[in-house]
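Take a look at the letters that make up each chain.
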Amino acid sequence: MRLRIIGAIWKKQWKDTLKNKAVFIQFIMLPALGVFMKHMVSVEGLPPNYFITMFAAMYVGMAPMVSMASILAEEKEKHTLRMLLMSNVKAGEYLFGVGAYVFLLCMAGAAVFAFAGGYTGAGLAQFLGAMAAGVAASLLIGAAIGTWSRNEMAANSLTVPLMLVCSFLPMLSMFNEKIASAARFVYSCQVQTMLKTAGAEGIDPFGAAVVAVNILCAIVIFRFVYRRSRLD
Amino acid sequence: MSGKAACIRAENISMSFGKKEVLQSVSLNIAEGEIFGLLGPSGAGKTSLLKILTGQLRQTGGRAFLFGLDTEGLPRDAYENIGLVLDNTGLYERLSCYDNLLLFAEIYGTGREKIMEALRRTGLAEAKKRPVSRLSKGMRQRLALARAILHEPGLLILDEPTAGLDPSTAAEIHALIREERERGAAVLLTTHNMEEATKLCGHVALLHLGNIVEYGSPAEVCRRYNHLNAICLTLKDGESITVENTPLSAKVVADYLQSGQIESIHSTEPNLETVFMELTGRGFAS
Ligand SMILES: Nc1ncnc2c1ncn2[C@@H]1O[C@H](COP(=O)(O)OP(=O)(O)O)[C@@H](O)[C@H]1O
Ligand SMILES: [Mg+2]
């Protein structure tokens, strides 16, 4: 890992994000919506951070996965990744550079949610910790899809259904017992529970275990895909 | 061979995609500081050979060396001494010309002043802020070349650097390639433009059906096919007369010269194009 290379990738990625509306909107839409709903909509009887936790959980299932997959797949499709690898950028440096970039951007979004939700102290730590774990899981799934896909179209055909499952399952499980009993094994649902209890209760060990196992599975899948399809 | 070290050495390279044999037993040597042209019609296997030579594709037989290093398991830092233009230019569409080069300048650790220099040399200084998505084909090609020369590599590998470009853009690219050679870089380029190869290359290899069917300087290759060895006289009335290039023809030519009927005289040495036609039984469809 050379910091010079990671820095160059971040700089390029940031400029590209500002010009790539499809990716840019992924990062800001839900935090903006969360802030908006928090301040504009007040419904009697709803828990205080109802919209914040709901949108934050959706954000976890959506933004890291979609942006990571589409960045990688586009670089493969347009052969820009090949040029990087042929300029002495190591595949690991590239993946780490882009992965860390998406992670940090998503955590900036998470910070917006946390700020809007007014979390402080241990509650803030739990909120951001749950977001970080969820973002990591989504990001690894997105990286696996992006590495697997030959082009953006192929990547989208995988991310769209998966992203819908991951981001809407937390909401659906609030309304349906049967869905909830299955959905509790999915990281985004457990992340939502952690967000809801942030500042009030401690972390549920079962939820933490589910998220950890999900992340582990995502790592295994990513490694498998990476070995099989390489990066060019 | 000359005392110059080989930038690229290929020994009996063969390559198959499944049952399809693309390269049979290709050997070549590219010395430091020379412009080498790999010629052949579309589908001849030029791009595949370049990919093997740069370690992007694993050959099915034979060995290749880049700066003396085996291309199977090439250390990544060997790439720092190569400038590449591949058949798909691989530029970031949404980024500006400048930002595309900035990324690579930072990767190579070259100074920023090299970016403007490369843009100037490729005639893109004015367009430096323009996103790649708004560049013409010729400008993209020049930007790809600017990226390849940015870090002053010892070897340039250019896959069809002038394909589909207008003659004046192609001439600018030729000038740039010559400048790079003068700086000391070796250049390996592929083309199916025979005129380009004749003007530019010190050595050429003609690739046909997976084999190198001719190899040498363009003049040598042409001379070898000069079996007609004739002199062609074009008369002022438009008639053209071909006579053998032997002492016996001297009187015929002298008579025409004396009578003042001659418009032009030239030898019928073949050019690379006719050599290739003869070797392959077809021309270059571009
Ligand atoms: N990845 C591949 N899989 C199968 N066939 C290929 C592949 N790459 C190239 N070929 C085939 O190899 C032949 C040579 O291709 P290429 O090296 O691109 O030729 P050129 O660059 O001279 O036009 C073509 O017939 C092409 O169809
Ligand atoms: Mg080709």
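The structure we're discussing is the one just above.
In short, a report on the structure. (Residues numbered from 1 in each chain as written. Chains lettered and ligands numbered in written order. Predicted model: local features only at pLDDT ≥ 70, side-chain atom pairs only at ≥ 80, totals over all residues. Heavy atoms only, no water.)

As for the side chain of B:Gln141
Line of reasoning, step 1. With respect to the secondary-structure elements, B:Gln141 resides in helix H4 (residues 137–149).
Line of reasoning, step 2. Ignoring sequence-local partners within four residues, the contact set of B:Gln141 consists of B:Val85, B:Thr89, B:Glu160, B:Pro161, B:Leu165 and B:Ile173. (Helix = DSSP H or I, 4+ residues; strand = E, 2+ residues; numbered from the N terminus. Contact = heavy atoms within 4.5 Å.)

So, the interface of chain B and chain A
Line of reasoning, step 1. Facing the 27 residues of chain B at the interface are 24 residues of chain A.
Line of reasoning, step 2. Roughly 2500 Å² of surface becomes buried between chain B and chain A when both sides are summed, with 59% attributable to carbon and sulfur atoms.
Line of reasoning, step 3. For the salt bridge of A:Asp16 with B:Arg94, the shortest nitrogen-to-oxygen distance reads 3.0 Å.
Line of reasoning, step 4. At the boundary of chain B with chain A, the tally comes to eleven residue pairs in polar contact (both at pLDDT 80 or more). (Buried area = accessible area lost by both parts, 1.4 Å probe. Salt bridge = Lys/Arg side-chain N within 4 Å of Asp/Glu carboxyl O. Polar contact = N/O pair within 3.5 Å; in protein donor to acceptor, adjacent residues only side chain to side chain.)

Focus on unusual backbone geometry
Residues and elements named next belong to chain B.
Line of reasoning, step 1. Backbone geometry places Glu152, a non-glycine residue, at a positive phi of 45 degrees.
Line of reasoning, step 2. Here Glu152 shows up in the loop between H4 and strand S7 (155–159).
Line of reasoning, step 3. You will see that Glu160, though not glycine, has its phi angle at about 45 degrees, which is positive.

Some remarks on the site of ligand 1
Residue and element names in this part refer to chain B.
Line of reasoning, step 1. Inspection of the region around ligand 1 gives Phe17, Lys20, Val22, Pro41, Ser42, Gly43, Ala44, Gly45, Lys46, Thr47 and Ser48 as its neighbouring residues.
Line of reasoning, step 2. Here an oxygen atom of ligand 1 and a backbone polar atom of Lys46 are 2.8 Å apart.
Line of reasoning, step 3. A distance of 2.7 Å separates an oxygen atom of ligand 1 from a polar side-chain atom of Thr47.
Line of reasoning, step 4. For ligand 1, whose accessible area on its own is 560 Å², the fraction buried by protein is 59%.
Line of reasoning, step 5. Looking at the shell around ligand 1, the elements with two or more residues in it are strand S2 (20–31) and helix H1 (46–53).
Line of reasoning, step 6. It is H1 that provides the largest number of residues to the shell around ligand 1, a total of three residues.
Line of reasoning, step 7. Taken together, the residues of the shell around ligand 1 break down into four nonpolar, five polar and two charged. (Near = heavy atom within 4 Å. Areas by Shrake-Rupley, 256 points an atom, 1.4 Å probe, with all protein chains shown as cover. Nonpolar A, V, L, I, M, F, W, Y, C, P; charged D, E, K, R; others polar.)

Section: the packing of aromatic side chains
Line of reasoning, step 1. This model, assessed by the stated rule, comprises seven aromatic pairs over all chains.
Line of reasoning, step 2. Their ring planes at 20 degrees and their centres at 5.8 Å tell us that A:Phe222 and A:Tyr226 sit as a pair that is stacked. On the criterion of helical spacing, the pair formed by A:Phe222 and A:Tyr226 is a turn pair, its members being four residues apart in helix H10 (residues 205–229).
Line of reasoning, step 3. In this structure A:Phe222 comes out as buried when scored by relative accessible area, which is 14%.
Line of reasoning, step 4. Its relative accessible area of 29% is what places A:Tyr226 among the partly exposed residues.
Line of reasoning, step 5. Measuring from centroid to centroid gives 5.9 Å for B:Phe36 and B:Tyr215, while their planes differ by 45 degrees, and the two rings are tilted. One end of the pair, B:Phe36, is in strand S3 (residues 35–39); the other, B:Tyr215, is in strand S10 (residues 211–216), and 179 residues separate them in sequence.
Line of reasoning, step 6. On the accessibility criterion, B:Phe36 (0% relative accessible area) is buried.
Line of reasoning, step 7. For B:Tyr215, a relative accessible area of 30% corresponds to the partly exposed category. (Phe/Tyr/Trp six-rings, centres within 6.5 Å; stacked < 30°, edge-to-face > 60°. Buried < 20%, exposed > 50% of the residue type's maximum accessible area, 1.4 Å probe, protein only.)

These figures come from the coordinates and say nothing about function on their own.
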